Amino acid sequence: MSTKLAVTRRAIKYVTLFLVVLSLPIDGKFYTYLFSGNWTSFHITDLVNLTGYLPSYFGELDNERYLGLGGFSSWLVIAAIAAALFYLTDRLSTRYAWLADEDRLYDWARIFLRYRLAFLLIAYGAIKLFPLQFPHPSLSNLYTNYGDFLNWKIWYHTLGVTPNYTAFLGGVEVLAGVLLFYRRTVVFGAGLTIGLITNVVFSSFSYEMGNQVLPVYVFLVGFFLFAHDLPRLYTLLFREQATAPDPLGSPLPVRWQVVSKGLSWGFAFVIVLAALFNYKQDPYLTPSTPGLAGTAGFYNVREFILNNDTIPYSRTDTNRWQNVIFEKWATVSIKTAKPVRVDSSRYLTKRLPDFARVYESAGVDGRRYFGYALDTLTSTLQLKNKNAHHREEEYNLTIRQRDGNTIVLEGWNERQDSIKAVLERADRKLLLLESRRFPIQL
């Protein structure tokens, strides 16, 4: 064996070990999540988090201050573990024959990485196929100035307003995952993965998504699987010469191949079914509790009284409400001139109770978002600010609906200031909510 070929084989061996170790749940956090989860109440976020989990040893570095780049620090530990395994397998290969059979071990590694990547792609594809990962912008977000969004929120909204395109991307992801189930179609699944994830990698860095580790991992594994066929593809497509096919033998017996394919299809079906169920019943980014019936819409604040003092409309007064938006779920947002400390955390896939679902307010300036509960006996709304930096803000307000277009709110804030606001519904048009099949009347 030539020196160049020997070096190449050893490099491939190390890269293979690195990716395998990186793909294994070798830290305790994975098992803590696995055994502490509420599996009696099934949710798609559990499957997404499990299939997309990567070892993390320095979680404190993986925050917005480092734009999510701190997560790559854990790869130094993975690289060291892979180097130790590389050394051990070299030393023990003379004693154990199965360690000396590097081709067979390479085949097993490719099988593991194929299925590991396949389930990850299917899970993340499913939450795009049914618009869960990128929901349509809330009414409050649509009435927020473009410059008041953090970069990552702009990217989420860009996909959120195009559900058909997002569903197409999700379908491609699911297809790529299914193609990875079969040895004959791995090159096509890996090629689709590279084409799709390259855009995601650049978008993650450009829009400061804060979760760059996962797309980079997907790209590396996809390229590793695709690179296996690169010499044959180069010979066939660029040199235009006859190319010997890859020997498609599997280290698994035929019976176990059938079983593995059946289990894989079954798990893929469960993932897609869970995504569909949650899309219909409980989209995890926006609250599932319905809002007050008949109130959803944009309201100008026609009259605002603070401590019995009527404050005229002002865009600079920090106490005066300018407008109010009731969402179709139990959230109300208020526009004031009072500065907002933006919740800059990048939103990750989490299973949370309604009030803790802060996707609509995270990464947004200019408005204050409140979750509310209605006491039907006293017609009292209890408003609590959803922003972690402004949790002290609360309102206890009685609500009266004079007619279909006017709402009167009266009560107290957390400082025991008396407040009365008369809200008047504004019939404002949004192009995104108007039909594209007929002329838009402005």
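These figures come from a predicted structure and were not determined experimentally. (Residues numbered from 1 in each chain as written. Predicted model: local features only at pLDDT ≥ 70, side-chain atom pairs only at ≥ 80, totals over all residues. Heavy atoms only, no water.)

**Student:** Mind showing me how you'd approach the overall build of the protein here?
**Tutor:** In terms of helices and strands, the protein carries 13 helices and nine strands. A principal-axis box enclosing the C-alpha atoms of the protein has dimensions of 90 × 50 × 40 Å. Considering only contacts in the protein between residues 6 or more positions apart, those separated by 24 or more positions represent 66%. Summed over all atoms, the accessible surface of the protein reaches about 23,200 Å², with 62% contributed by carbon and sulfur. Here the protein holds 46 positive side-chain charges and 36 negative ones, and the gap between their average locations is 7 Å. (Helix = DSSP H or I, 4+ residues; strand = E, 2+ residues; numbered from the N terminus. Contact = heavy atoms within 4.5 Å. Areas by Shrake-Rupley, 256 points an atom, 1.4 Å probe, with all protein chains shown as cover. Lys, Arg positive; Asp, Glu negative; His and termini not counted. Charge placed at Lys NZ, Arg CZ, Asp CG, Glu CD.)

**Student:** So what exactly am I meant to see when it comes to the pairing of strand β7 (residues 394-403) here?
**Tutor:** Moving residue by residue along a regular strand, the side chains alternate between the two faces of the sheet. The pairing of strand β6 (residues 380-385) with β7 spans five bridges and is classified as antiparallel. Bridge pairing in β7 places L381 opposite L397. Taken together, the eight bridges between β7 and strand β8 (residues 406-413) define a ladder with antiparallel strand orientation. Counted as the bridge partner of R400 is V408 from β8. (Pairing = 2+ DSSP bridges.)

**Student:** What is the right way to read the nonpolar core from this model?
**Tutor:** In globular proteins that are soluble, nonpolar side chains generally tend to be buried together. Ranked by size, the top nonpolar core spans 68 residues in total, and within it I44, F181, Y217 and L225 carry the most contacts. In terms of residue count, helix α6 (residues 102-129) provides more of this core than any other element does, 15 residues in total. Those residues in contact with I44 that sit more than four places away from it in its chain are I127, L132, I271, A274, A275, N278 and Y284. Counting residues in hydrophobic clusters, the runner-up holds 24 residues, among them Y299, I311, F326 and A330. (Core = buried A, V, L, I, M, F, W, Y, C linked by side-chain atoms within 4.5 Å. Buried < 20%, exposed > 50% of the residue type's maximum accessible area, 1.4 Å probe, protein only.)

**Student:** Sorry if this is basic, but what is going on with the side chain of S140 here?
**Tutor:** Take S140: it is sitting in helix α7 (residues 139-142). By relative accessible area, which is 0% here, S140 ends up buried.

**Student:** Honestly, the pattern of salt bridges in this entry has me stumped. Any pointers?
**Tutor:** Oppositely charged side chains can form a pair if their charged atoms are brought close together. The final tally for this structure, using the stated rule, is 16 salt bridges. Between D354 and R357 there is a salt bridge; the shortest N-O distance is 3.6 Å. Each member of the pair D354 and R357 is classed as buried. (Salt bridge = Lys/Arg side-chain N within 4 Å of Asp/Glu carboxyl O.)

**Student:** What exactly am I supposed to notice about a nonpolar patch on the surface here?
**Tutor:** Side chains of L24, I26, I81, L85, Y87 and L88 sit close together on the surface and give an oily, nonpolar patch of about 480 Å² of accessible area. Along the polypeptide, I81 turns up in helix α4 (residues 74-92). The exposure class assigned to I81 is partly exposed, which follows from its relative accessible area of 30%. (Patch = residues over 30% accessible without salt bridge, like charges linked within 9 Å, V, L, I, M, F, W, Y side chains within 5 Å.)

**Student:** I'm lost on the packing of aromatic side chains in this one. Help?
**Tutor:** We describe a pair of aromatic rings using the distance from one ring centre to the other and the angle between the two ring planes. Summed over the entire model, instances satisfying the criterion amount to 25 aromatic pairs. Judged by centre distance (5.0 Å) and plane angle (75°), the rings of F72 and W75 are edge-to-face. Judged by its relative accessible area of 11%, W75 falls in the buried class. Pairing Y156 with Y359 gives two aromatic rings, centres 5.8 Å apart and planes at 45°, and the pair type is tilted. One end of the pair, Y156, is in helix α8 (residues 151-160); the other, Y359, is in the loop between β4 (331-335) and β5 (368-375), with 203 residues separating them in the sequence. Here Y156 and Y359 have matching classes, each one buried. Here the basic side chain of K153 rests over the ring of Y359, its NZ or CZ set 4.6 Å away from the ring centre. Positioned above the aromatic ring of F298, the side-chain terminus of R428 is 4.5 Å from the ring centre. (Phe/Tyr/Trp six-rings, centres within 6.5 Å; stacked < 30°, edge-to-face > 60°. Lys NZ or Arg CZ within 6 Å of the ring centre and 35° of its normal.)

**Student:** What should I look at first to understand helix α1 (residues 3-23) in this one?
**Tutor:** Counting along an α-helix, one turn takes 3.6 residues, and residues three or four places apart therefore face a common direction. With 21 residues, α1 should cover 30 Å at 1.5 Å per step; its first-to-last C-alpha distance of 30 Å lies within 8% of that length. The inward-facing, buried residues of α1 abut α4, α6 and α11 (213-227). (Expected span 1.5 Å × (residues − 1).)

**Student:** I would appreciate a short explanation of the environment of R184 in the present structure.
**Tutor:** Along the chain, R184 turns up in the loop between α9 (163-179) and α10 (186-206). Look at R184 and you get exposed, because its relative accessible area is 66%. With 133 residues separating them in the primary sequence, R184 and T51 have C-alpha atoms 24 Å apart.

**Student:** Which parts of the structure should I look at to understand the packing of helix α2 (residues 28-36) against helix α3 (residues 44-51)?
**Tutor:** Two quantities define a packed helix pair, namely the angle between the axes and the distance from one axis to the other. The contact between α2 and α3 brings their axes to 11 Å, and the two run at 160°. By the criterion of interaxial angle, the relationship of α2 to α3 is roughly antiparallel. When you trace α2 past α3, the crossing you get is left-handed. Contacts between α2 and α3 pair F30, Y33 and L34 from the former with T45, D46, N49 and L50 from the latter. (Axes fitted to C-alpha atoms, helices over the stretch in contact; angles between N-to-C directions. Parallel < 35°, antiparallel > 145°, perpendicular 65-115°, else oblique. Left-handed = near helix turned anticlockwise from the far one by under 90°.)

**Student:** Would you take a moment to explain unusual backbone geometry for this structure?
**Tutor:** Peptide bonds are trans in most cases, and residues, glycine excluded, mostly fall at negative phi. At N307, a residue that is not glycine, the phi angle is positive and equals roughly 50°. By the secondary structure assignment, N307 is in the loop between β1 (297-306) and β2 (309-310). Residue Q416 is not a glycine yet carries a positive backbone phi of 65°.

**Student:** What's the story with the confidence of the model for the protein in this structure? I'm lost.
**Tutor:** Caution applies to low-pLDDT regions: their predicted coordinates should not be interpreted in detail. For the protein, the mean per-residue pLDDT works out to 87, and 93% of the residues sit at or above 70. Note that residues 61-66 has pLDDT below 50 and, in this model, 12 contacts with residues that lie over four places away or in other chains. (pLDDT = per-residue confidence, 0-100.)

**Student:** Any chance you could explain the environment of L132 here in plain terms?
**Tutor:** Within the element layout of this structure, L132 appears in the loop between α6 and α7. Classification of L132 as buried rests on a relative accessible area of 2%. Sequence separation between L132 and P283 is 151 residues, and the spatial gap between their C-alpha atoms is 6.0 Å.

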